[in-house]
Amino acid sequence: MTTPRTVPGWLQSLAIYLEPRVLTLLALGFSSGLPLLLVFGTLSFWLREAEVSLTDIGYMSWVALAYGFKWLWSPLVDRLSLPLLSRLMGRRRSWMLLSQSLVMLALCGMALSDPQRDLGHLALFALLVAFASATQDIVIDAFRIESAPERLQAAMAAAYMTGYRLAMIMAGAGALALAAWLGSNVEYDLEGWRQTYFIMAALMGVGVLTTLLCHEPDIDLARQSEDQVARKQMLLERGWSHGMAGTGAWCIEAIWRPFADFFERYGKTALLILALIACYRISDVVMGVMTNSFYVDLQFSKTEVATITKVYGVIMTLVGASLGGVLVMRFGTLRILMLGAVLTATTNLLFSLLGQVGHSTWLLTVIISLDNLCAGIATAAFVTYLSSLTNVAFSATQYALFSSIMLLLPKFLAGFSGTIVEQIGYSHFFIGTALLGIPAMCLIPLVARRVKIAAPGCTQDKRSRKSEG
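Values in this document were obtained by computation on a predicted structure and should not be read as measured data.

Enquirer: Please provide a residue-by-residue account of the pattern of salt bridges, values included.
Expert: Inspection of every chain in the model, using the stated rule, returns 9 salt bridges. Between Glu-146 and Arg-92 there is a salt bridge, with the nearest N and O atoms lying 2.6 Å from each other. Linking Glu-146 in helix H8 (residues 119–146) with Arg-92 in helix H7 (residues 91–111), this pair joins segments that are 54 residues apart in sequence. The exposure class of Arg-92 is buried, given its relative accessible area of 2%. Taken together, the shared-partner salt bridges connect Asp-78, Arg-92 and Glu-146 into one network.

Written out as structure tokens, the structure reads:
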């Protein structure tokens, strides 16, 4: 009796992915996800082939700490207009174009580097890639939150993560396949890696084209201006000079208010929420630094890793991200957040099993398939949860704060992963990373009891939005 009503409900949930704004986030997600592995997992494969030590590879991963500190310059991205570009394209799109251009140039710099002769030169360009990529993430997250009403946010988050994961597969499996084809499949070939990184730089054109074609979010900035003018007037009345009052008012409204707003809304529970954010991705991020080195040491070729990841990884990523978006819409954010935390930690144990078994392509296929499926579900839920915490009046700064906290501790701990593997081995290391997921599982029920989450993807302040179109 209920089937005729249930099936259309699921079909209606899936149809939301055809919305133009959702499809835009698919392309922007690809642009956002492409640089990450190129300074993280794929770079570690390149370095290991170049006979760089595991300890140095682990420390090299610290360039990705730029993602953890992006809250420091997020107020500039949130409130500062770029000369000329902002007048031509709008504030969000101009920052997107600038950051995407910097990523492309820095990837070309990495392509021209030789890790065997000058590792520091490569590290410098990798750091620039991470900085520009983190800046792009700040503005794309703000663009996503401001571009659509609440009913589209879960789907937009899922589409963003689908594009993000597809880009990671392109920068992971795709880059390995290209390096094998353009260079050598089993031996180190610098030229193959150089050409691969040039191609990755060219693929950033997907983001550039999308930025040029999409529409600037329709957000009423008058309230921000009014608050800043009122703050300046108050400082003038206290005896500040015009220059100091203007600077002080901007700093208070752009830097202090976004952080104060979050604590005003959640009180003491804000610390609990921040703890959950800090712990949620520790398990997979710490593990991620060593996976490609793990494949190299198990004698998997570039083609084997790339083929398995490309075929099964792509399919399961699409399924996982789409399923995660639908599950969040139907069952709520925190339930799927818990499901994602359990699944992510569990799949780490499978990598430990592979370490015991050794070179096995069928087992690697199963593990990569399950890992991508679970990661898609977990990330769709987590992005939706972070969006629900964000006040649209301070979207770029607040989301940058949340996503920075999400990565800061995991990226820092990941820097020691090479040293740990050299001491205890891969299998025990992967078991340890699975155990790192336990704190997040404990914090989710505590947050659920203290905070009543609104509809999935909900943002807080509607006063600064002109329309929901």
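On we go.
Enquirer: Can you break down the environment of Ile-57 residue by residue, with the values?
Expert: With respect to the helices and strands, Ile-57 occurs in helix H4 (residues 54–60). According to the relative accessible area criterion, Ile-57 is buried, its value standing at 2%. Expressed as a C-alpha distance, the spacing of Ile-57 and Gly-415, which sit 358 residues apart in the sequence, is 8.1 Å.

Enquirer: Describe the packing of H7 against helix H11 (residues 205–213), and please don't skip the residues or the numbers.
Expert: Viewed as axis vectors pointing N to C, H7 and H11 meet at an angle of 165°, and their least axial separation amounts to 9 Å. On the basis of the axis angle, H7 is roughly antiparallel to H11. Crossing angle aside, the handedness with which H7 passes H11 is left-handed. Residues Arg-93, Met-96, Leu-97, Gln-100 and Met-104 of H7 pack against Gly-205, Gly-207, Val-208, Thr-211, Leu-212 and Leu-213 of H11. Taken together, the residues of the contact of H7 with H11 sort by class into 6 nonpolar, 4 polar and 1 charged.

Quick notes on the rules
Residues numbered from 1 in each chain as written. Predicted model: local features only at pLDDT ≥ 70, side-chain atom pairs only at ≥ 80, totals over all residues. Heavy atoms only, no water. Salt bridge = Lys/Arg side-chain N within 4 Å of Asp/Glu carboxyl O. Helix = DSSP H or I, 4+ residues; strand = E, 2+ residues; numbered from the N terminus. Buried < 20%, exposed > 50% of the residue type's maximum accessible area, 1.4 Å probe, protein only. Axes fitted to C-alpha atoms, helices over the stretch in contact; angles between N-to-C directions. Parallel < 35°, antiparallel > 145°, perpendicular 65-115°, else oblique. Left-handed = near helix turned anticlockwise from the far one by under 90°. Contact = heavy atoms within 4.5 Å. Nonpolar A, V, L, I, M, F, W, Y, C, P; charged D, E, K, R; others polar.

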